[in-house]
Protein chains: 2
Amino acid sequence: MRTVKPAEERKSEILDVAEQLFAAKGFDNTSTNDIINAIGIARGTLYHHFKSKEEILDAVISRITEALMRQAEAIATDKSIPLLERLTKTVMSLNVESQIGDEVKLQVHKPQNALLHQKMHQQLIGGVVPIVAALIDEGCREGIFSTPYPTEAVEMVMIYSNIAFDELEELGSEERVQRIQAFIYHTERIMGAEEGLLQEPISKIFSI
Amino acid sequence: MRTVKPAEERKSEILDVAEQLFAAKGFDNTSTNDIINAIGIARGTLYHHFKSKEEILDAVISRITEALMRQAEAIATDKSIPLLERLTKTVMSLNVESQIGDEVKLQVHKPQNALLHQKMHQQLIGGVVPIVAALIDEGCREGIFSTPYPTEAVEMVMIYSNIAFDELEELGSEERVQRIQAFIYHTERIMGAEEGLLQEPISKIFSI
DNA sequence: TCCGCCAAGACCGACAACCTGTCGGTTAGT
DNA sequence: ACTAACCGACAGGTTGTCGGTCTTGGCGGA
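Residues numbered from 1 in each chain as written. Chains lettered and ligands numbered in written order. Predicted model: local features only at pLDDT ≥ 70, side-chain atom pairs only at ≥ 80, totals over all residues. Heavy atoms only, no water.

**A short note on the overall build of chain A**
- Within chain A, the secondary structure is distributed over 10 helices and 0 strands.
- Dimensions of chain A along its principal axes, counting C-alpha atoms only, are 65 × 40 × 25 Å.
- When burial is assessed residue by residue, chain A has 48% of its 208 residues classed as buried.
- Taking contacts inside chain A between residues at least 6 apart in sequence as the whole, the part at least 24 apart equals 64%. (Helix = DSSP H or I, 4+ residues; strand = E, 2+ residues; numbered from the N terminus. Buried < 20%, exposed > 50% of the residue type's maximum accessible area, 1.4 Å probe, protein only. Contact = heavy atoms within 4.5 Å.)

Listed below in structure tokens is the structure:
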């Protein structure tokens, strides 16, 4: 007996399973057969709801990044929190790893998932940069930051950290610290902040 | 009648064709059949020399990046050129686009080539950062730069530019200029250079 | 010096085992 | 009964494998 579900429900069922499989085995190593078998639907059903495997990937990524960004925006605009703390919390809320579990964390960086990684990175950066840039702007008016190009400054810092800290775990602990210290130092320079201003906030982000 | 060639010759023949096809159609859209048909060899021959399609990709990338890096290093260590100019030329020599033709330039950024892009990026960054960092170090001793973390500074600037300027062509010309100006400004800040020092060199790199 | 032999390894192409996406037909709800 | 969710066989493609074939260069014997 076949089970019929409203399209939206079936779609999100597919996305749930796909997300979990992509996380567990990587995008390239997950076949559409894996997905339909895990759910117990037929090939045609999958393609009735999504027109290609890549569209599934896009939907999975959108779901994740949209959730992250809603959350980040909520924090970023909460004026009851002091600016610097708000900045910290906003950035921390984007820590993909904390959101979608450890499996993804491992998978995202593997070569097989270059596409997933790239798409996720693009969407996240695109959505988040304006949010954070607004905070930096606010900081400029407060006088703790100073940059004529807040958007580009944020872009630079975020792109770098997203790429460079991909393989942070693989480093020895002393090199790890060195990299983070350098990152703090350079971020302060880019943002035109007083030396040391970001020491404590960024350390917290990296949970040292 | 079958043609027999020494392994090295056949290998590089395969790499030549593969490089050209990857450049023309992208990695994912190039099948191993495309490669063997273009050369006129059999399936088994290809797999006699390379154990997988990905190994071919790796070899293609290595060939390109190694050539680029030899060239960059030659320039970077040529003490007869003034430091700033040497820096400019070193970075310009890495402009992948100038090396492997316009096709690659278009292809490298397409989503299908996420893997190619990522691998190339990693290899290039890994090899080039130390070369350029040495130049920055020299600049610090000369007094035109000042940073306690030359390696990380270079890493930050190079990673960012490699990612952020991927889609530079798609931008409107005024936003393009803004981005480049911002990049110059932030690079100066990171390197601890006097404002304006890099204006002319970096403009040249972007061929404005 | 020449010849025949032989092993190594370059080469071949059929084939297995996947994969994605399509399409006509079926069935459940409203 | 009509819409839309669902089905599964199938076409057309892919990568990688494997047993067998052909070339070639070196070597031993005449």
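**Observations concerning the relation of the copies chain B and chain A**
- Mapping chain B onto chain A calls for a rotation angle of 180° and an axial translation of 0.0 Å; the resulting RMSD is 0.1 Å. As the rotation angle and translation indicate, the two copies are arranged about a two-fold axis. (Least-squares fit on C-alpha atoms with pLDDT ≥ 70 in both.)

**Things to note about the pattern of salt bridges**
Residue and element names in this part refer to chain B.
- Throughout the structure, instances matching the rule amount to 26 salt bridges over all chains.
- Residues lysine 51 and glutamate 55 are paired through a salt bridge, measuring 3.7 Å at the closest nitrogen-oxygen approach.
- Its relative accessible area of 66% is what places lysine 51 among the exposed residues.
- Lysine 204 is the partner of glutamate 200 in a salt bridge, and the nearest nitrogen-oxygen pair spans 3.7 Å. Linking glutamate 200 with lysine 204, this pair stays in helix H10 (residues 199-205), spanning 4 residues, or about one helical turn. (Salt bridge = Lys/Arg side-chain N within 4 Å of Asp/Glu carboxyl O.)

**Points about helix H1 (residues 7-25) of chain A**
Residues and elements named next belong to chain A.
- Between its terminal C-alpha atoms H1 stretches 26 Å, which fits the 27 Å expected from 19 residues at 1.5 Å a residue.
- Those residues of H1 that sit buried are Arg10, Ile14, Leu15, Val17, Ala18, Leu21, Phe22 and Ala23.
- One or two positions beyond H1, positive phi appears at glycine 26, with a value near 90°. (Expected span 1.5 Å × (residues − 1).)

**Notes on the protein's contact with DNA strand C**
- Taken together, 23 residues sit near DNA strand C, with Thr32, Arg43 and Tyr47 of chain A together with Gly44 and His49 of chain B positioned nearest.
- Backbone atoms, meaning sugar plus phosphate, form 63% of the atoms of DNA strand C positioned within 4 Å of the protein.
- At a separation of 2.9 Å, a phosphate oxygen of DNA strand C approaches a polar side-chain atom of arginine 10 of chain B.
- Contact distances for DNA strand C include 3.0 Å between a phosphate oxygen and a backbone N or O atom of alanine 42 of chain B.
- Where the surface near DNA strand C is concerned, the elements lending two or more residues are helix H2 (32-39) and helix H3 (43-49) of chain A together with helix H3 (43-49) of chain B.
- No other element matches the 5 residues that H3 of chain B contributes to the surface near DNA strand C.
- Within the surface near DNA strand C, the residues separate by chemical class into 5 nonpolar, 11 polar and 7 charged. (Near = heavy atom within 4 Å. Polar contact = N/O pair within 3.5 Å; in protein donor to acceptor, adjacent residues only side chain to side chain. Nonpolar A, V, L, I, M, F, W, Y, C, P; charged D, E, K, R; others polar.)

**Some details on the packing of helix H7 (residues 114-142) of chain A against helix H8 (residues 150-164) of chain A**
Residue and element names in this part refer to chain A.
- For the pair H7 and H8, the least separation of the axes is 8 Å and the interaxial angle reads 140°. As summarised for this structure, H7 and H8 are arranged oblique, according to the angle between their axes. Here H7 runs over H8; the crossing is right-handed. The segment H7 lies against H8, with His117, His121, Ile125, Val128, Val129, Val132, Ala133, Ile136 and Asp137 engaging Pro150, Thr151, Val154, Glu155, Met158, Ile159, Asn162 and Ile163. (Axes fitted to C-alpha atoms, helices over the stretch in contact; angles between N-to-C directions. Parallel < 35°, antiparallel > 145°, perpendicular 65-115°, else oblique. Left-handed = near helix turned anticlockwise from the far one by under 90°.)

**Examining the interface of chain B and chain A**
- Each partner contributes to the interface: chain B provides 34 residues, whereas chain A provides 33 residues.
- With both chains or domains summed, chain B and chain A bury close to 2,800 Å², and 64% of this area falls on carbon and sulfur atoms.
- In this structure, the connection of chain B to chain A is made through 2 salt bridges.
- The closest approach of N and O atoms between glutamate 155 of chain B and arginine 179 of chain A, which form a salt bridge, is 3.2 Å.
- The interface formed by chain B and chain A includes 11 residue pairs in polar contact (both at pLDDT 80 or more).
- Going through the elements one at a time, helix H7 (114-142), helix H8 (150-164) and helix H9 (173-191) of chain B are the ones with two or more residues in the side of chain B that touches chain A.
- Class assignment of the residues belonging to the side of chain B that touches chain A gives a composition of 17 nonpolar, 11 polar and 6 charged. (Buried area = accessible area lost by both parts, 1.4 Å probe.)

**Here we look at the protein's contact with DNA strand D**
- Around DNA strand D, the structure places 23 residues, and the nearest of them are Gly44 and His48 of chain A together with Thr32, Arg43 and Tyr47 of chain B.
- In this structure, a phosphate oxygen belonging to DNA strand D sits 2.8 Å away from a side-chain N or O atom of arginine 10 of chain A.
- For DNA strand D, a base oxygen lies 3.0 Å from a polar atom in the backbone of glycine 44 of chain A.
- When residues in the surface near DNA strand D are grouped by element, the largest group, 5 residues, is from H3 of chain A.
- Its residues placed into classes, the surface near DNA strand D shows 6 nonpolar, 10 polar and 7 charged.

**Some points on the domain arrangement of chain A**
Residues and elements named next belong to chain A.
- Annotation of chain A at the domain level lists domain 1 (1-51) and domain 2 (53-206).
- Taking the mean C-alpha position of each, domain 1 and domain 2 sit 31 Å from one another.
- Across the contact, 20 residues belong to domain 1 and 17 residues belong to domain 2.
- A buried area of about 1,700 Å², summed over both sides, lies between domain 1 and domain 2, and 63% of it is on carbon and sulfur atoms.
- Taken together, the links from domain 1 to domain 2 amount to 3 salt bridges.
- Of all the elements in the fold, those that place two or more residues in the side of domain 1 that touches domain 2 are H1 and H3.
- Of the residues forming the side of domain 1 that touches domain 2, the biggest block, 9 residues, is contributed by H1.
- Each residue belonging to the side of domain 1 that touches domain 2 can be placed in one class, and the counts come to 9 nonpolar, 6 polar and 5 charged. (Domains from an automatic or database assignment.)

**Quick notes on H7 of chain B**
- With 29 residues, H7 of chain B should cover 42 Å at 1.5 Å per step; its first-to-last C-alpha distance of 40 Å lies within 8% of that length.
- Phi turns positive, to about 95°, at glycine 143 of chain B, one or two residues after H7 of chain B.

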